[in-house]
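Report on the structure
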Amino acid sequence: MAPEKPPCLPFLMLALLTLLLQQADPRSFVVDRERGLFLLDGTPFRYVSGSLHYFRVPRILWADRLFKMRLSGLNAVQLYVPWNFHEPEPGVYNFNGSRDLFTFLNEAAIANLLVILRPGPYICAEWEMGGLPSWLLRNPKINLRTSDPDFLAAVDSWFKVLLPKIYPFLYHNGGNIISIQVENEYGSYWACDFNYMRHLAGLFRALLGDKILLFTTDGPDGLKCGTLKGLFATIDFGPADNMTKIFALLQKYEPHGPLVNSEYYTGWLDYWGQNHSTRSIEPIAKGLENMLKLGASVNMYMFHGGTNFGYWNGADEKGRFLPITTSYDYDAPISEAGDTTPKLFALRNVIGKFQEVPLGPLPPPSHKMMLGPLTMHLDGDLLGFLDFLCPQGPIHSVKPLTFEAVKQDHGYMLYRTYLSYSIFEPTPLWVPNNGVHDRAYVMMDGVIQGVLERNMDNKLYLMGKVGTKLDILLENMGRLSFGSNHSDFKGLLEPPILGQTILTQWMIFPLKVDHFVKWWYTFKLPKRPQPKDPSGPTFYSTMFPILGSAGDTFLYLPGWTKGQVWINGFNLGRYWTKLGPQHTLYVPRPLLLPRGAVNTITLLELENVPLQPQIQFLDRPILNSTVHRTLSLSPDVQNDSELMELSGH
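Each chain carries its own residue numbering, running from 1 in the written order of its sequence. In keeping with the predicted nature of the model, local features appear solely for residues at pLDDT of at least 70, side-chain atom pairs appear and are counted solely at 80 or more, and the whole-chain, interface and lining totals rest on all residues. Heavy atoms throughout the structure, all of them, feed into the side-chain values; hydrogens and water do not.

**Points about the overall build of the protein chain**
Strands here mean DSSP runs of E at least two residues long; helices mean DSSP runs of H or I at least four residues long; both are numbered from the N terminus. From N to C terminus, the protein chain includes 13 helices and 34 strands. In terms of C-alpha radius of gyration, the protein chain reaches 27 Å, essentially the compact-globule figure of 26 Å for 649 residues. Structurally, the protein chain occupies a C-alpha span of about 105 × 70 × 60 Å along its principal axes. At a minimum sequence separation of 6, the contacts of the protein chain that also span at least 24 residues come to 79%. Surface summary for the protein chain: the accessible area is close to 26200 Å², and the carbon and sulfur share equals 57%. His is not counted, nor are the chain ends, whereas Lys and Arg count as positive and Asp and Glu as negative. To locate a charge, take atom NZ for lysine, CZ for arginine, CG for aspartate or CD for glutamate. Taking the 56 positively charged and 59 negatively charged side chains of the protein chain as two groups, their mean positions are separated by 3 Å. The globule rule is 2.2 Å times the number of residues to the power 0.38, and the radius of gyration it is compared with is taken over C-alpha atoms. Whether two residues touch is decided by their heavy atoms; if any such pair falls within 4.5 Å, the residues are in contact. Note on areas: Shrake-Rupley with a 1.4 Å probe; residue coverage comes only from the protein chains shown.

Below, the structure written as structure tokens:
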């Protein structure tokens, strides 16, 4: 028998390398409770993170925002996953384009940022219905965020799609996700259903395994109902709060773990009709430094806010309905347009005292463009386009139906009936039991009569002959994202009453306005004859080229009242110039067609058009021009408990 040949040297080296790799510590992110700190690959670690929402930033700009966050000294990014953004209909999933969460995770990895993921199912985030899909409300008896079997079945179905997609991105699997939050600020919710939280924790473990760190986040008053044994507890608070007192409270629930503030507020949100919220730099920087001196890990909410494009803004309710503005600038260190601010540099200087900050200057502000004024041209009133807005025709019902009942998630719906008798004297029209959700534009034979609003005990006085057409256009201004978070149905929740008569026999038109805007301006359908003096909701448009270099810009609508804007078919969001504080809408450069092409802008003005129907594009935003000054949300004048009642995140 021939002697065996000794193994070749390369084989021996490969075997030795394999053995060494097996003996090396695997990738891991864990809590060392003996020392009260995090360990990343066995080494003590503290994260300094910032919140950014991929769903509020155009995909093409993700890399820019993440790169600026890394250059600011951050080593992690925290983000939510809004369920309703990815499952628009039951069993229909969308992870394409601006919804491509996995490309965002890869972009974060390229920017050398770890990820703290908050997939919900509820996220708040001042986002429509707190991220829960509105189709859940097609079951009017469902109990959200509880162990209601109907709600759990929907949650299980969603997470069995999402979490396996997330699994390869977990840190111990070679990805950059170091921890995942279960639910969100659940202690602020009325239910306090521990069976629900246990169900979620079990589901996360079953789908993600035992190695990933699962955590909860709550405000100081929410720890009792928001924490759960087996989940790492964190807390959130702002610079005006007593850090020592709040961290001591956290340690009652998490006595041996590292201190974590999961939401350290760098700014605040805005409501229509209230002042633009700001936070001064010095206390924010000082608070961050004090937490880092304690060895705490911190996530700054927000580090870059972004924009509530389309119909995605949420709402709060405190005495009255408070919808969130289109801008989510948040007075954050990186502005809505992606520019660095003095707040960023102050925070960067603080971070540099505790850990290495990447070398090199931060990019300068993006080029900003000015254009106009441009004159808007009347295309026609909304009622004249009803065949295009609702091509399938109306739904007939004795009583009015909600948006949810007819599967209309967002936007607008028209209710139509006819007077069955003549009214010769002004007679009140009203909707009982706060049944207008959220804003109703009332017309008789096409002429606007006035507005009925949610939480406003107002009436309109009408006159008309038998057979007069009564139209009520209902605007959904965003479902509740915080507070009671009860099922926030939209539309006419009760039949309107005219005098002593309950109005019945309704024709209901679910309006596909976004589809219409694309049809009309893409195919140039023949225009209808237009009245000289349009009344009520009306479409205007204009076309314009960009002769110079295109840039980010801000659409200014002087004299316009309230409505919706589209640029090149993209739903830019809501405007409410009459109320404020936001007077401009951010227009990212990628939405504009380059030099030589023609851009189209479309307005749906819901109330009143200025005498000169013009618009302008400015090189800076106007976010703080409130006409009706009301309660300020500044931390200098309100304590944290009041802020937490208004909104969570």
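Anyway, onward from the coordinates.
**Section: the UniProt feature "domain: Beta-galactosidase galactose-binding" (unreviewed entry) in the protein chain**
UniProt positions are given in the numbering used here, feature names are shortened, and annotations may be inferred rather than shown by experiment. Here, the residues flagged by UniProt with the feature "domain: Beta-galactosidase galactose-binding" (unreviewed entry) are residues 537–594. In residues 537–594, the share of helix is 0% and the share of strand is 47%. The end C-alpha atoms are 31 Å apart.

**Quick word on the environment of Tyr-186**
With respect to the helices, strands and loops of the structure, Tyr-186 is situated in the loop between β7 (177–181) and α6 (194–208). For the pair Tyr-186 and Gly-222, spaced 36 residues apart in sequence, the C-alpha to C-alpha distance is 7.1 Å. With residues up to four places along the chain from it excluded, the contact list for Tyr-186 reads Arg-145, Thr-146, Ala-191, Cys-192, Asp-193, Tyr-196, Met-197, Thr-217, Asp-218, Cys-225 and Gly-226. One polar contact links the side chain of Tyr-186 to the main-chain carbonyl oxygen of Arg-145, over a distance of 2.8 Å. Pairs of N or O atoms are called polar contacts if they sit within 3.5 Å, as long as, within protein, a hydrogen donor faces a hydrogen acceptor (for residues adjacent in sequence, only side-chain-to-side-chain pairs).

**Let's talk about the state of the cysteines**
Note on disulfides: each one is a pair of cysteine sulfur atoms within 2.5 Å. Under the defined criterion, the tally for this structure stands at one disulfide. A sulfur-sulfur separation of 1.9 Å characterises the disulfide bridge that pairs Cys-192 with Cys-225. Disulfide Cys-192 to Cys-225: torsion about the S-S bond roughly -90°, handedness left-handed. With a gap of 33 residues between them, Cys-192 in the loop between β7 and α6 and Cys-225 in helix α7 (residues 223–226) connect regions that are remote in the sequence. Residue Cys-192 is classed as partly exposed on the basis of its relative accessible area of 25%. Note on exposure labels: buried denotes an accessible area under 20% of the residue type's maximum, exposed denotes more than 50%, and partly exposed covers the range between, all computed with a 1.4 Å probe on protein chains only. A relative accessible area of 15% places Cys-225 in the buried class. Looking at Cys-124, it has no disulfide partner, and the nearest cysteine sulfur is the one in Cys-225, 17 Å off. The class of Cys-124 is buried, set by a relative accessible area of 0%.

**Concerning the packing of aromatic side chains**
Only Phe, Tyr and Trp rings are paired, with Trp represented by its six-membered ring, and only when their centres lie within 6.5 Å; those with planes under 30 degrees apart are stacked, over 60 edge-to-face, the remainder tilted. In the structure shown here, the tally under the stated rule is 40 aromatic pairs. An angle of 50° between the planes, with centres 5.2 Å apart, marks the rings of Tyr-186 and Tyr-196 as tilted. On the criterion of sequence distance, the pair formed by Tyr-186 in the loop between β7 and α6 and Tyr-196 in helix α6 is long-range, its members being 10 residues apart. As far as the burial class goes, Tyr-186 and Tyr-196 line up, both buried. Aromatic pair Phe-544 and Phe-617: ring centres 5.3 Å apart, planes at 45°, arrangement tilted. Residue Phe-544 is located in strand β28 (residues 538–545), and its partner Phe-617 is located in strand β34 (residues 614–618); the two are separated by 73 residues in the primary sequence. Exposure class is identical for Phe-544 and Phe-617. Each is buried. By way of ring pairs, the aromatic residues Tyr-54, Phe-55, Trp-62, Phe-85, Phe-104, Trp-127 and Trp-312 are connected into one cluster. We count a charge as sitting over a ring when the NZ of a lysine or the CZ of an arginine lies within 6 Å of the ring centre and within 35 degrees of the ring normal. Here Arg-27 stacks its cationic end above the ring of Tyr-171, 3.8 Å away from the centre of that ring. The positively charged end of Arg-56 is found above the aromatic ring belonging to Tyr-328, 3.7 Å away from the centroid.

**So, the pairing of strand β11 (residues 297–304)**
The element β11 is largely enclosed, with a buried count of eight among its eight residues. Paired strands are those between which DSSP finds at least two bridges. Where strand β4 (residues 48–52) meets β11, four bridges bridge the pair, whose relative direction is parallel. Along β11, the bridge assignment pairs Gly-50 with Met-300. Pairing of strand β10 (residues 260–265) with β11, which is carried by four bridges, proceeds in the parallel orientation.

**Observations concerning the nonpolar core**
What is meant by a nonpolar core is a set of buried Ala, Val, Leu, Ile, Met, Phe, Trp, Tyr and Cys residues, joined one to another through side-chain atoms within 4.5 Å. Grouped together as the largest cluster of nonpolar side chains are 110 residues, with contacts concentrated most on Ile-166, Ile-180 and Met-300. Top element by residues in this core is helix α5 (residues 149–166). It accounts for nine residues. Leave out the neighbours within four places in its chain, and Met-300 touches Val-48, Ser-49, Gly-50, Ser-51, Leu-74, Tyr-264, Thr-266, Leu-288, Leu-347 and Ile-351.

**Focus on unusual backbone geometry**
The amide bond that connects Tyr-301 to the next residue, Met-302, takes the cis arrangement and shows omega of -10°. Among the secondary structure elements, Met-302 is positioned in strand β11. Here the amide bond leading from Gly-580 into Pro-581 is cis, since omega sits at 5°, within 30 degrees of zero. With respect to the element layout, Pro-581 can be found in the loop between β31 (570–575) and β32 (584–587).

**So, the pattern of salt bridges**
Any carboxyl oxygen of Asp or Glu within 4 Å of a side-chain nitrogen of Lys or Arg constitutes a salt bridge here. Under the criterion given, the structure shown has 26 salt bridges. Between Lys-68 and Asp-64 there is a salt bridge, and its shortest N-O distance comes to 3.1 Å. Remark: Asp-64 and Lys-68 occur in helix α2 (residues 62–71); sequence separation between them is four residues, near one turn of the helix. A salt bridge links Lys-490 to Asp-438; its shortest N-O distance comes to 2.6 Å. In this pair, Lys-490 sits in the loop between β23 (469–475) and β24 (491–492) while Asp-438 sits in the loop between β19 (436–437) and β20 (439–444), placing the two residues 52 residues apart along the sequence.

**Remarks on helix α10 (residues 342–351)**
Of all 10 residues in α10, seven are buried, a share of seventy percent or more. Listed in full, the buried residues belonging to α10 are Lys-343, Leu-344, Ala-346, Leu-347, Arg-348, Val-350 and Ile-351.

**Focus: the environment of Asn-608**
Inspection of the secondary structure puts Asn-608 in the loop between β33 (598–605) and β34. When the C-alpha atoms of Asn-608 and Ile-448 are compared, they prove to be 9.9 Å apart, with 160 residues separating the residues in sequence.

**Some thoughts on the sheet that holds strand β30 (residues 563–567)**
In space, the five strands of this open sheet follow the order β15-β28-β33-β30-β31, with antiparallel pairing throughout. Across the chains shown, the open sheet's two edge strands, defined by having one partner strand only, are β15 (377–381) and β31. On average, adjacent strands in this sheet sit at an angle of 20° to one another, irrespective of strand direction. Here β30 runs beside β31; their pairing, made up of five bridges, is antiparallel. What sits directly across from Gly-563, in β31, is Tyr-575. Here, axes are lines fitted to C-alpha atoms. For helices the fit covers the stretch in contact, and angles between N-to-C directions go from 0 to 180 degrees.

**Focus on the sheet that holds strand β17 (residues 412–418)**
Hydrogen bonds between backbone atoms are what pair the strands of a sheet, whose relative direction is either parallel or antiparallel. Ordered by their spatial adjacency, six strands build an open sheet running β16-β27-β17-β23-β20-β21, and the pairing between neighbours is antiparallel. The outermost strands of the open sheet, each flanked by one partner alone, are β16 (395–397) and β21 (447–453). Ignoring strand direction, the axes of neighbouring strands in this sheet form an average angle of 25°. Bridging between β20 and β23 involves six bridges; their strand directions are antiparallel. If you follow Tyr-441 over to β23, its bridge partner there is Leu-473.

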